[in-house]
Each structure stands twice: as structure tokens, then as C-alpha cells.
Amino acid sequence: MGQIPAGGDGKGRDRAGENPRSGRQETEEERADRQWGDLLQELRVAQTGVQILFGFLLAVVFQPRFSDLSTVDRNIYVVTVMLGSATAAALIGPVSYHRLLTGRRMKPQTVIWASRLTKLGLGLLFCTMCSTLLLILRVALHNVVALWLVGAMALWFLVCWFVFPLWAIARGPGSRPDDGDPDTEGPGPRP
């Protein structure tokens, strides 16, 4: 890859190809490759957890006590299984997206859309976890305490998954956009 002519390229990079927002010497394609690798590492963690949870949910219906569940608990179960399915689809989707677009010179766009699917998957995972907890705690406790415990845990998920990162963005010196997040506005193509 050659040097970018003096004066920059009009896409936020200086003469040597450095993106001043991230401080890295990389082309758009190198940046997309790095971000794709980062995203895959994140997806491995989320996908494993979702697959284990989803397997557990699918097995519940075959347990002898399932027939003893109330109509409300069965409805919660159905909603939970549907949420688990949607979560698995969203978190496995980036792999399919990448595979279908490989070789078409669309890596930056692939990273952007895969990142969006991953964020959607995390939102669905939040809902799946809360729904699973509600089902389990209703069966275990048989009282309103289950709702309070699920509410407290939902708040904890929100804090860990969303509030802390947003707080870090608001406060940190590394809060420059385009420093590893393909959804932020910055140089590069937009779908």
C-alpha cells in the first residue's frame, strides 16, 4: 500500500495514512480487518453463552414438571424461547453476512452491519436473560419476589452492558469516535 499524497486524502487521514482520530497507521481495509477480528472475539463470548442458554431452554419442555406449569409460566416460556431464537440469529448473523460478502471488496460495510447486528443481539440477549430469570424464579419462588429479583438483575445487566461503557465514552480521553467502533461517524463508506 503506497503513501497517501501530501495534504491528506480528504477522509480524515494525514499524509502517511494515519487516522488522526485513532492514531493508527492503517488503511481503511486494514482498519476493517482489525475491527472484524475484534468483533469476532466479542461474538465468540456472546455466541457461546447464547447457545448454552438456548440449549437449556429447548430441553425444558421435555422435563416431566413442564406439564405442571401454569398458563402464565408456559407463555413466559414460549416468549423466552422465541427471544432466545432471535438472539441466536442476531449473534450468528454477522458470520453469515461476512461469508456471503467475502471477496466482494465490502469489508468496511460488512464490519458496520455486523456491528449493528451484534448490538441488536446484545439487546435481545438482555431480554432473553430477563425472561429466563423470570421463568425460573417464578417456578422457584411462587411469589412476587421473583419480579423484584428480575428487576434488580435487569438493572445490573443494563449498568454492566450499557451504562458503564457510555459513562466511559462520556468521561474518557479515549472517547474519540471511530476508535474501533464502526458505527460512529467518521471516515469511510456508509451503507
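Here the structure is a predicted model, which means the values were calculated and not measured.

Parameters and conventions
Residues numbered from 1 in each chain as written. Predicted model: local features only at pLDDT ≥ 70, side-chain atom pairs only at ≥ 80, totals over all residues. Heavy atoms only, no water. Patch = residues over 30% accessible without salt bridge, like charges linked within 9 Å, V, L, I, M, F, W, Y side chains within 5 Å. Areas by Shrake-Rupley, 256 points an atom, 1.4 Å probe, with all protein chains shown as cover. Salt bridge = Lys/Arg side-chain N within 4 Å of Asp/Glu carboxyl O. Helix = DSSP H or I, 4+ residues; strand = E, 2+ residues; numbered from the N terminus. Axes fitted to C-alpha atoms, helices over the stretch in contact; angles between N-to-C directions. Parallel < 35°, antiparallel > 145°, perpendicular 65-115°, else oblique. Left-handed = near helix turned anticlockwise from the far one by under 90°. Contact = heavy atoms within 4.5 Å. Nonpolar A, V, L, I, M, F, W, Y, C, P; charged D, E, K, R; others polar. Polar contact = N/O pair within 3.5 Å; in protein donor to acceptor, adjacent residues only side chain to side chain. Phe/Tyr/Trp six-rings, centres within 6.5 Å; stacked < 30°, edge-to-face > 60°. Lys NZ or Arg CZ within 6 Å of the ring centre and 35° of its normal. pLDDT = per-residue confidence, 0-100. Core = buried A, V, L, I, M, F, W, Y, C linked by side-chain atoms within 4.5 Å. Buried < 20%, exposed > 50% of the residue type's maximum accessible area, 1.4 Å probe, protein only.

Draft legend 1. Spotlight on a nonpolar patch on the surface. A surface patch of nonpolar side chains, about 610 Å² in accessible area, is lined by Leu122, Leu155, Leu158, Trp161, Phe162, Leu166 and Ile169. When residues of the nonpolar patch are assigned to their parent elements, the largest contribution, six residues, is made by helix H4 (residues 145–171). In this structure, Leu155 sits in helix H4.

Draft legend 2. Up close: the packing of helix H1 (residues 28–60) against helix H2 (residues 71–101). With their axes 9 Å apart at the nearest point, H1 and H2 run at an angle of 150° to one another. Between H1 and H2, the crossing angle belongs to the class labelled roughly antiparallel. Along this stretch, H1 crosses H2, giving a crossing that reads as left-handed. Along its contact with H1, which presents Trp36, Leu43, Ala46, Gln47, Val50, Gln51, Phe54, Leu57, Leu58 and Val60, the element H2 presents Tyr77, Thr80, Val81, Gly84, Ser85, Thr87, Ala88, Leu91, Ile92, Pro94, Val95 and His98. Split by residue class, the contact of H1 with H2 holds 15 nonpolar, seven polar and no charged.

Draft legend 3. Representation of the side chain of Asp73. One can find Asp73 in helix H2. A distance of 2.5 Å separates polar atoms of two side chains, one belonging to Asp73 and the other to Arg138.

Draft legend 4. Quick look at the packing of aromatic side chains. Evaluated as defined, the whole model comprises four aromatic pairs. When the ring of Phe126 is compared with that of Phe157, the centres are 6.4 Å apart and the planes differ by 80°; the resulting orientation is edge-to-face. You can see Phe126 sitting in helix H3 (residues 107–141) and its partner Phe157 sitting in helix H4, a full 31 residues away along the chain. Taken together, a centroid distance of 6.4 Å and an interplanar angle of 70° make the contact between Trp161 and Phe162 edge-to-face. Linked through ring pairs, Phe126, Phe157, Trp161 and Phe162 together constitute an aromatic cluster. The aromatic ring of Trp113 is capped on one face by Arg116, whose charged end is 4.7 Å from the ring centroid.

Draft legend 5. Structural detail: the confidence of the model for the protein. Scored by pLDDT, the protein comes out at a mean of 82, with 79% of its residues at no less than 70. H4 holds the highest mean pLDDT among the elements of the protein, 94, whereas strand E1 (residues 18–19) holds the lowest, 56. Within the model, pLDDT remains below 50 along residues 12–16, and this stretch shows 23 contacts once partners closer than five positions in the same chain are excluded. Low pLDDT, under 50, characterises residues 185–191; the predicted model gives this stretch 25 contacts beyond four residues in sequence or across chains.

Draft legend 6. Structural detail: the nonpolar core. In this structure, Phe66, Tyr77, Phe126, Cys130 and Val150 are the most contacted members of the largest nonpolar core, which totals 17 residues. Within the residue set of this core, elements represented by two or more residues are H1, H2, H3 and H4. In terms of residues, this core owes the most to one element, H3, which gives five residues. Contacts of Tyr77, omitting those with residues within four sequence positions, involve Leu57, Leu58, Val60, Val61, Phe66 and Leu135.

Draft legend 7. Quick peek at the packing of H3 against H4. Interhelical geometry of H3 versus H4 gives an angle of 155° and a closest axis separation of 9 Å. Considering the angle they form, H3 stands roughly antiparallel to H4. The interaxial crossing formed by H3 with H4 has right-handed handedness. Contacts between H3 and H4 involve Leu122, Leu125, Phe126, Met129, Cys130, Leu133, Leu134, Leu137, Arg138 and Leu141 on the former and, on the latter, Val145, Ala146, Leu147, Leu149, Val150, Met153, Ala154, Phe157, Leu158 and Trp161. For the contact of H3 with H4, a count of residues per class yields 19 nonpolar, no polar and one charged.

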